[in-house]
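Okay, here's what each chain looks like letter by letter:
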Amino acid sequence: MTIEAKQKNILLELHTEFSKLPVMFRERVCEECNYSVPVFYRKIRGTLSKAERKMIRYIGAGQ
């Protein structure tokens, strides 16, 4: 095996990590806002309270 083959593919690594973000975000919002997954998707199309918007912004900022 060559040295290049042993090195990790940075594109694959980043893509793999970024593809996990939507699931991690959804799980965190569901946990913090006490939503089920179906409620999460209904809330995407509906209105949010001030408290929900504040918490979602907090989570989105990486807190």
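In what follows, the structure referred to is the one given above.
Residues numbered from 1 in each chain as written. Predicted model: local features only at pLDDT ≥ 70, side-chain atom pairs only at ≥ 80, totals over all residues. Heavy atoms only, no water.

Asker: Would you take a moment to explain the side chain of Arg 26 for this structure?
Answerer: With respect to the helices, strands and loops of the structure, Arg 26 is situated in helix α2 (residues 10-33). Despite its burial, Arg 26 remains without a salt bridge, the nearest opposite charge being carried by Glu 27 at 4.5 Å. For Arg 26, the side chain forms a polar contact with the side chain of Tyr 41, separated by 3.3 Å. With residues up to four places along the chain from it excluded, the contact list for Arg 26 reads Val 37, Phe 40 and Tyr 41. (Helix = DSSP H or I, 4+ residues; strand = E, 2+ residues; numbered from the N terminus. Buried < 20%, exposed > 50% of the residue type's maximum accessible area, 1.4 Å probe, protein only. Lys, Arg positive; Asp, Glu negative; His and termini not counted. Salt bridge = Lys/Arg side-chain N within 4 Å of Asp/Glu carboxyl O. Polar contact = N/O pair within 3.5 Å; in protein donor to acceptor, adjacent residues only side chain to side chain. Contact = heavy atoms within 4.5 Å.)

Asker: Would you mind showing me how to read the nonpolar core here?
Answerer: A general feature of soluble globular proteins is that nonpolar side chains tend to end up buried together. Counting residues in each nonpolar core, the largest one holds six residues, listed as Val 29, Cys 30, Cys 33, Tyr 35, Phe 40 and Ile 59. Per-element tally for this core: the top contributor is α2, with three residues. (Core = buried A, V, L, I, M, F, W, Y, C linked by side-chain atoms within 4.5 Å.)

Geometric descriptors of this kind do not, in isolation, establish any biological role.
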